[in-house]
Amino acid sequence: MRKYIYIVIIGATFLSSCKIGQRYKQPEMQDMPDSFASTSLQMDSTTVGDIGWTTLYSDPALKELVYRALENNKDMKIAAARIKELAANNRISFAEMLPSIGVEGLFQKEALDYKNSISPKHRGQFTLNWELDLWGNLRWANDASVAKLMQSVEAQRALHLTIVGQVAQMYFELTALDRKLAIVKQTLVARQESSWLAKLRYEGGLTSEIPYRQSLVELARTETMVPSLENEIQLKENDLAVLVGAFPSSLIPRGMGLNKQILPDSLPVDLPSSLLKRRPDVIQAEQKLIEANAKVGMALTSIFPNVKLTGKYGVEDAHISSVLKNPVWWLSGSLLGPVFNFGKNKAIHKAAKAAYEQEVYSYENKILNVFKEVNNAIVTFEKSKGVRKSREELYTSAKSYYELARLQYINGVVNYIDVLDSQRQLFDAEISLNDALLNELTSTVTLYKALGGGIVE
């Protein structure tokens, strides 16, 4: 008996080695550039992927916020649970390819009143159920399951990268609002002083009432900016609190000010071929393509019949004392296949091929968007530094102009309108410099993320 079972198993394994369908092959993008946009950034063996986010971001408060976000963010927890779910499902699809072995036991005792007889029965046996994967349907299903699992893994890595970037950007925006509020309050003090001087000169008969009233208007305009900025700061704190998995009322710690943040002047840009293999979202898009290809194979093999083996081996007897002396076994097979279903299976196969074609275009579109994202990030990163330097020069000139105008106004050389104009220009220059500092920092964050940075700690 064992010899026949071995023959069946070996034969089934041999038959199962056949796998009908098109093996996956990565699509080739036509005319894909060998490098990204022309840039002065270095291109060497070092990549952004080797730069940990704890190395890039030196602010202790920012680091703590990133740690909290990666630990407590609800989207990260959802992604982790999704991986667990798909890992379990993948185990199910893998088990479908293997035989199912069970145990069956029976003790039966039957009495017939009209015959007054007893017919006891004892049985114990092993059961075997196995669907032979002759055409590869189950293996294609397993490939699809593995690809889906890998999508969830890469989705979690992409989310990790995104959260690191989001926390950094929102933190810099918050510190920029803090600095903007400080600038407004500083300007408010200066305008209170100017209003006081204008009042003294008006009451002393040195000027008319108009300069004094103008100073009050500018003072009131500046005062209205304070509550508006405080509101923006609170809303930004609420957004950042939810991102790190805390309630909106939580206090967001501050570390270094916006103008104290230290980020590298340049980031290494590697070749597209290397970047595309590292970016989690690109890998996820390719895994979707692999899954779609596997589903084409599943649809193709569903056209062919499937074979199932069922077997039992055990012992059976009416008397328990001699039950082991009466082994019983049987083996059967069933063949199930479509005969005529109005082209349903062929239509399913065509639909799967069309779905695969869609995923090919989606993958190619993803590559195009990656090039656009990286090129845009490189251009913005380089230009933001030039803008920040010009804004620094503008601020220095505006500050000198204000100090000179204020001194000459006190000495009666210029009118108050000149002081007012210098104050406005200084305020605008300082706000512009603050915005330029923020843009430079966020451009670094964007480029770091676009180049696949943020996975490594």
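Reference entry: report on the structure contained in this document. (Residues numbered from 1 in each chain as written. Predicted model: local features only at pLDDT ≥ 70, side-chain atom pairs only at ≥ 80, totals over all residues. Heavy atoms only, no water.)

1. What to know about the packing of aromatic side chains
Keep this limit in mind: Aromatic pairs are defined between Phe, Tyr and Trp rings, using the six-membered ring for Trp, whenever the two ring centres lie within 6.5 Å; interplanar angles under 30 degrees are classed as stacked, those over 60 as edge-to-face, and all others as tilted. Counting from the N terminus, the helices are the DSSP runs of H or I reaching at least four residues and the strands are the DSSP runs of E reaching at least two. Accessibility here uses a 1.4 Å probe with only protein chains present; expressed as a share of the type maximum, an area under 20% marks a residue as buried, one over 50% as exposed, and anything in between as partly exposed. A positively charged side chain is recorded as over a ring if its NZ (Lys) or CZ (Arg) lies within 6 Å of the ring centre. The angle to the ring normal must also be within 35 degrees.
All told, the structure shown has five aromatic pairs when counted by the stated rule. Judged by centre distance (5.0 Å) and plane angle (45°), the ring pair of Phe 36 and Phe 371 falls under tilted. On the criterion of sequence distance, the pair formed by Phe 36 in the loop between helix 1 (2-16) and helix 2 (53-56) and Phe 371 in helix 9 (residues 344-410) is long-range, its members being 335 residues apart. Residue Phe 36 shares its accessibility class with Phe 371, and that shared class is buried. Ring centres of Tyr 57 and Phe 172 lie 6.3 Å apart, and the angle between their planes is 70°; this geometry places the pair in the edge-to-face category. Here Phe 172 lies in helix 5 (residues 137-203) and Tyr 57 lies in the loop between helix 2 and helix 3 (60-72), a separation of 115 residues in the sequence. Accessibility expressed as a relative area gives 1% for Tyr 57, which makes it buried. Residue class for Phe 172 comes out buried when judged on its relative accessible area of 0%. Its guanidinium or amino end placed over the ring of Phe 427, Arg 191 lies 5.8 Å from that ring's centre, counting from NZ or CZ.

2. Brief notes about the nonpolar core
Put simply, the rule is: For our purposes a nonpolar core is just a set of buried Ala, Val, Leu, Ile, Met, Phe, Trp, Tyr and Cys residues, chained together by side-chain atoms within 4.5 Å. Whether two residues are in contact is decided by their heavy atoms: any pair within 4.5 Å suffices.
Tyr 57, Leu 62, Val 167, Phe 172, Leu 240 and Val 374 are the most contacted members of the largest nonpolar core, which totals 68 residues. Mapped by element, the contributors of at least two residues to this core are helix 2, helix 3, helix 5, helix 6 (209-243), helix 7 (272-278), helix 8 (280-301), helix 9 and helix 10 (416-450). Other than its neighbours up to four places away in sequence, Val 167 contacts Leu 62, Leu 65, Val 66, Ala 69, Leu 240 and Leu 243. Counting seven residues, the second largest nonpolar core, distinct from the first, contains Tyr 409, Val 414, Tyr 416 and Leu 420.

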